[in-house]
Amino acid sequence: MKINLSRLVQDIERYGEYGKNEHGGVTRPSFSYEDHQVRQLFIEELKEMGLEITIDGAANIWGKYKGTGKKKGSIVIGSHLDSVPNGGKYDGPLGVLMAKEIIKTLKEHTILLDHDIEIVSFTAEESNDFNLSTFGSRCFVGRLTAEILKDACDSKGALLSEELKKVGGGLDKFPEINKMHNNKKAFIELHIEQGQRLESANISMAVINSVVGTYRSVVSIKGDPNHSGTTMMVNRKDALTAASEMILEVERYCKAKGNVVGTVGRINVSPNAANIIPGQVDFILEIRAEAEGSIQEAIASIQDVWHEISDRRKVKVVQEVFLDQKPVLLDQVLVSVFENTAREMNEPCLTLPSMAVHDAAHMASITKSVMVFVKSIGGKSHCPEEFSEPEDIEKVGNLILQGIIQLDRTLSEKEIKSV
Ligand SMILES: [Zn+2]
């Protein structure tokens, strides 16, 4: 039994038309007109497949393919259908459309599994105008509550609670979400890699065993703004040259260690004028690593060097942490089911951590979760060039199909014995 690759590729192309822009990219943020359209299309198609549809309070779309009922609960497969501005066709939709393809394949072969199989499309996974990325999965697992969200609005003042209602969700439906947890027995998310580890190894796929932790802080450096002509070099307290040294230390440390990645991707210089020595610089430091210890070690070591820089340059450094997301270990039983399935299929497969946060990282707090990555060409994502080869997509689709059949057998062994 194999998935139908040409049908899946057509689906990817068809869904990619919604929000397609003049650069060949896709702009389909959640709650936009294009998102409304694609949701409608998706729900219609799930109905045509005979699936049982549920839209929860966060407007996540669930479609259930009933199993034999011999085992309780469902194995869930999914991802998200929203995109970043000028993004690609694969980030998100691949995982959702693959779930649809897998259920279609099972149906065509008249195979009923013992568990129900469910598709989910999570709302607003990408960062959006409400500043709430991985919104749907965070709501689903209870990390975002109706209380937290009641006044949330976008930059134009639109209330999130109203936007949710337009797509079948609503804060009043949040109490029902908790009751949905119990019957989710496993969650599998297929995603493009968004990196070049698979391409460098010339391997089509990877099973993901953990999701990195992310630490972000705002770093403010206070120097002394002064006349750029009359202030001699020895008398300066230049916040920007201090910041430059500090940023280079982040790069030096992370390159030398190899187990962390560090980035300064945002910076403000004040007063930002050609004839004034920079008096203040604010930047955001981001550190990601698979192990919490590596993140802490990086911060401590970088800060030591920063102290030396600030003393020498006579600037003041203040740091405020605003994100401290711990690494998430995905379910090791599920990881080995997919690793073994790849081995049985004779498909080379790596086991890697995910360097980006996905819905699966949140789902892991309520059910056994795992991710599977497919090779990204050129490591590109969040851009129109985002691409994965059809033959890689086919391999990974068949891996998930076989992995799910295997999971259906091995999950809830105790329950089947008592039936
Ligand atoms: Zn994504």
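Residues numbered from 1 in each chain as written. Predicted model: local features only at pLDDT ≥ 70, side-chain atom pairs only at ≥ 80, totals over all residues.

**Some thoughts on the overall build of the protein chain**
Looking only at helices and strands, the protein chain features 14 helices and 13 strands. Rg of the C-alpha trace for the protein chain: 24 Å, near the compact-globule value of 22 Å for 419 residues, within the 12% margin. Out of the 419 residues belonging to the protein chain, those deemed buried represent 46%. (Helix = DSSP H or I, 4+ residues; strand = E, 2+ residues; numbered from the N terminus. Rg over C-alpha atoms; globule rule 2.2 N^0.38 Å. Buried ≥ 20, exposed ≤ 12 C-beta atoms within 10 Å, placed from the backbone.)

**Quick look at the packing of helix H1 (residues 5-16) against helix H3 (residues 93-108)**
Each pair of packed helices can be described by the angle between their axes along with the distance between the axes. One way to put it is that H1 packs onto H3 with a least axis distance of 10 Å and a crossing angle of 140°. Considering their axes alone, H1 and H3 lie oblique with respect to each other. You can see that H1 and H3 cross each other, and the crossing is right-handed. Listed contacts from H3 to Arg7, Leu8, Asp11, Ile12 and Tyr15 of H1 are Pro93, Leu94, Leu97, Met98, Lys100 and Glu101. Among the residues forming the contact of H1 with H3, the class breakdown is seven nonpolar, no polar and four charged. (Axes fitted to C-alpha atoms, helices over the stretch in contact; angles between N-to-C directions. Parallel < 35°, antiparallel > 145°, perpendicular 65-115°, else oblique. Left-handed = near helix turned anticlockwise from the far one by under 90°. Contact = placed C-beta atoms within 7 Å. Nonpolar A, V, L, I, M, F, W, Y, C, P; charged D, E, K, R; others polar.)

**A word on the nonpolar core**
In terms of nonpolar packing, the biggest core is built from 103 residues, with Ile102, Leu330, Phe338, Val370, Val372, Phe373 and Ile400 touching the most fellow members. At eight residues, the largest contribution of residues to this core is made by H3. Viewed by domain, this core spans two of them, domain 1 (5-211 + 327-418) and domain 2 (213-325), each represented by three or more residues. Ignoring any residue separated from it by four or fewer positions in sequence, one finds Ile400 in contact with Ile77, Met98, Ile102, Ile188, Leu190 and Val372. (Core = buried A, V, L, I, M, F, W, Y, C linked by C-beta atoms within 7 Å. Domains from an automatic or database assignment.)

**Here's the deal with the environment of Ala360**
Here Ala360 shows up in helix H12 (residues 359-363). Each C-alpha atom, one on Ala360 and one on Ala99, is 15 Å from the other, the two residues being 261 residues apart in sequence. The residues contacting Ala360, other than those within four sequence positions of it, are Phe187, Glu189, Val211, Leu330, Ser369 and Met371.

**Observations regarding the domain arrangement of the protein chain**
In terms of domain boundaries, the protein chain breaks down into domain 1 (5-211 + 327-418) and domain 2 (213-325). Relative placement of domain 1 and domain 2: their C-alpha centres are 37 Å apart. Contacts between the two partners involve five residues from domain 1 and, on the opposite side, eight residues from domain 2. Here the side of domain 1 that touches domain 2 is composed, by residue class, of four nonpolar, one polar and no charged.

**Concerning H3**
Here H3 spans 22 Å end to end across 16 residues, near enough to the 22 Å set by a 1.5 Å rise per residue. Within H3, twelve of the 16 residues are buried, which leaves it mostly tucked inside the rest of the structure. Taken as a whole, H3 has its buried residues at Pro93, Leu94, Gly95, Val96, Leu97, Met98, Ala99, Lys100, Glu101, Ile102, Ile103 and Leu106. Packing partners of the buried residues in H3 comprise H1, strand S2 (61-65), strand S3 (74-80), strand S4 (116-122), strand S5 (184-192) and helix H13 (390-410). A positive phi of about 40° marks Thr110, the residue just after H3. (Expected span 1.5 Å × (residues − 1).)

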